[in-house]
Amino acid sequence: MTSVLFDVPGPRARRRNMILAIVTVVVVIAVIAFLVWRLSITNQFSASKWNVFTYTTVWSSIGQMLLNTLRAFALAAVLSLALGFVLAIGRMSDHAWVRVPVTVITEVFRAIPVLVLMMILYYGLPTLGMKVDPYWAVVLALMAYNGSVLAEALRAGIESLPRGQGEAGYAIGLRKSGVMRLILLPQAVRAMLPVIVAQLVVVMKDTALGFIITYQELLYYAKLLSSQPGRPILQSALVIGGIYIIMCLILSGIAKWAEIKTRRSPKVKALEADNAAVMHDGTNTELIAAQKPPQAD
């Protein structure tokens, strides 16, 4: 008996996989134990190292920095998605005067690191007489980079759809804008939702780069805490890092919930049924067209 993706492992393979799993678990536990031991002998668990987190003002400031991080993330995520849609549609335009400049812009934004974009906006533009607030430097840099990446993801999702999807839209009289808006984009978004969510997680994590241009977010405050008496560098990193992990898990959970709700939607199920029917009819039409006409007697 075989699986679709691989052959079902036999007794020897199962035994080998079990041994590898046990060895992996032992290695991971050993690494964690070593790290805990090193933290212990360097007094990283001592009360003096964690004393800074016993003050209410510290947690109040962490809450304010968290709000600043979420403010930058929320606006950057919305603008990145909007820019991604615009660039993806522009790259698929039938007009070269639209497609070529959009392609150049997309590739340039993808090639420049986010931190470089932030520094150009915050330190470079003032030399031209244009002062940019740290918040807007962070948001615009994240929008430019992640929007271009999302554009490629959406374009790949659209181009991965069967040609019959678009042809069916044209057959019922839709224009290209209608085909893109009503047929192709909704399916591409559902197909590329894991990639979109992963990129939004990148947006959230990259807000931490704002501390380099003095934007007061979580990492900026972690650096400030690390300079306090006792220098709780590792403790600050663990606390702030834990907050980032929680935020990313929440974002992934929201995306998973949205995906499940979308799959259960009656409209989506009806659309998938219609698409399957269209693909079936299109396949039959292609087969009939491929047949040679009968020879005349």
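That block above? That's the structure.
The present account deals with the structure reproduced in this document.

### Considerations on the pattern of salt bridges
- Evaluation of the coordinates by the stated rule reveals five salt bridges.
- Among the salt bridges present, the one from Arg91 reaches Glu152, with a minimum N-O distance of 2.5 Å. Placement of Arg91 in helix H3 (residues 56-91) and of Glu152 in helix H6 (residues 134-159) is noted, with a sequence separation of 61 residues between them. Grouping residues by exposure puts Arg91 and Glu152 together as buried.
- Across the salt bridge formed by Arg110 and Glu107, the nearest N and O atoms sit 3.3 Å from each other. With a gap of three residues between them, Arg110 and Glu107 both fall in helix H4 (residues 96-111), about one helical turn apart.
- For Arg110, a relative accessible area of 35% gives the class partly exposed.
- For Glu107, a relative accessible area of 34% gives the class partly exposed.

### Here we look at unusual backbone geometry
- Even without glycine at this site, Thr214 takes up a positive phi of about 70 degrees.
- Relative to the assigned elements, Thr214 resides in the loop between helix H9 (193-206) and helix H10 (218-226).
- Judged by relative accessible area, which is 39%, Thr214 ranks as partly exposed.

### Things to note about the packing of helix H5 (residues 114-124) against H6
- Two elements in contact, H5 and H6, have axes whose closest approach is 8 Å; the angle formed by their N-to-C orientations is 140 degrees. Classified by the angle their axes make, H5 and H6 are oblique. Seen from above, H5 lies across H6 with right-handed handedness. Seen from H5, the contacting residues are Val114, Leu117, Met118, Leu121 and Tyr122; seen from H6, they are Pro134, Ala137, Val138, Leu140, Ala141, Leu142, Ala144 and Tyr145.
- Split by residue class, the contact of H5 with H6 holds 13 nonpolar, no polar and no charged.

### Some remarks on a nonpolar patch on the surface
- Together, Ile19, Val23, Val27, Val31, Phe34, Leu35, Trp37 and Ile41 make up an exposed nonpolar region whose accessible area comes to about 760 Å².
- Relative to the helices and strands, Trp37 is located in helix H1 (residues 11-41).

### Notes on H1
- Over its 31 residues, H1 extends 45 Å from the first C-alpha to the last, a length consistent with the 45 Å expected when each residue adds 1.5 Å.
- Once H1 ends, the next one or two residues include Asn43, with phi positive near 60 degrees.

### Some details on the packing of aromatic side chains
- Under the counting rule described, the total for this entry stands at six aromatic pairs.
- Seen in terms of ring centroids, Phe34 and Trp37 are 5.9 Å apart; in terms of plane orientation they differ by 45 degrees. Their pairing is tilted. Linking Phe34 with Trp37, this pair stays in helix H1, spanning three residues, or about one helical turn.
- For Phe34, a relative accessible area of 48% puts it in the partly exposed group.
- By relative accessible area, which is 47% here, Trp37 ends up partly exposed.
- Here the aromatic rings of Trp50 and Phe53 are separated by 6.1 Å at their centres, their planes lie at 45 degrees, and the arrangement is tilted.
- Relative accessible area serves as the criterion here: at 10%, Phe53 is assigned to the buried category.
- Clustering of aromatic rings is evident, with ring pairs tying together Trp50, Phe53 and Trp59.

### Side note on the packing of H3 against H6
- Interaxial distance between H3 and H6 falls to 6 Å at its minimum, and their mutual angle equals 40 degrees. Taken as axis vectors, H3 and H6 run oblique relative to one another. Crossing hand, H3 versus H6: right-handed.
- Classifying every residue of the contact of H3 with H6 by side-chain character gives 19 nonpolar, five polar and four charged.

Rules used throughout
- Residues numbered from 1 in each chain as written.
- Predicted model: local features only at pLDDT ≥ 70, side-chain atom pairs only at ≥ 80, totals over all residues.
- Heavy atoms only, no water.
- Salt bridge = Lys/Arg side-chain N within 4 Å of Asp/Glu carboxyl O.
- Helix = DSSP H or I, 4+ residues; strand = E, 2+ residues; numbered from the N terminus.
- Buried < 20%, exposed > 50% of the residue type's maximum accessible area, 1.4 Å probe, protein only.
- Axes fitted to C-alpha atoms, helices over the stretch in contact; angles between N-to-C directions.
- Parallel < 35°, antiparallel > 145°, perpendicular 65-115°, else oblique.
- Left-handed = near helix turned anticlockwise from the far one by under 90°.
- Contact = heavy atoms within 4.5 Å.
- Nonpolar A, V, L, I, M, F, W, Y, C, P; charged D, E, K, R; others polar.
- Patch = residues over 30% accessible without salt bridge, like charges linked within 9 Å, V, L, I, M, F, W, Y side chains within 5 Å.
- Areas by Shrake-Rupley, 256 points an atom, 1.4 Å probe, with all protein chains shown as cover.
- Expected span 1.5 Å × (residues − 1).
- Phe/Tyr/Trp six-rings, centres within 6.5 Å; stacked < 30°, edge-to-face > 60°.

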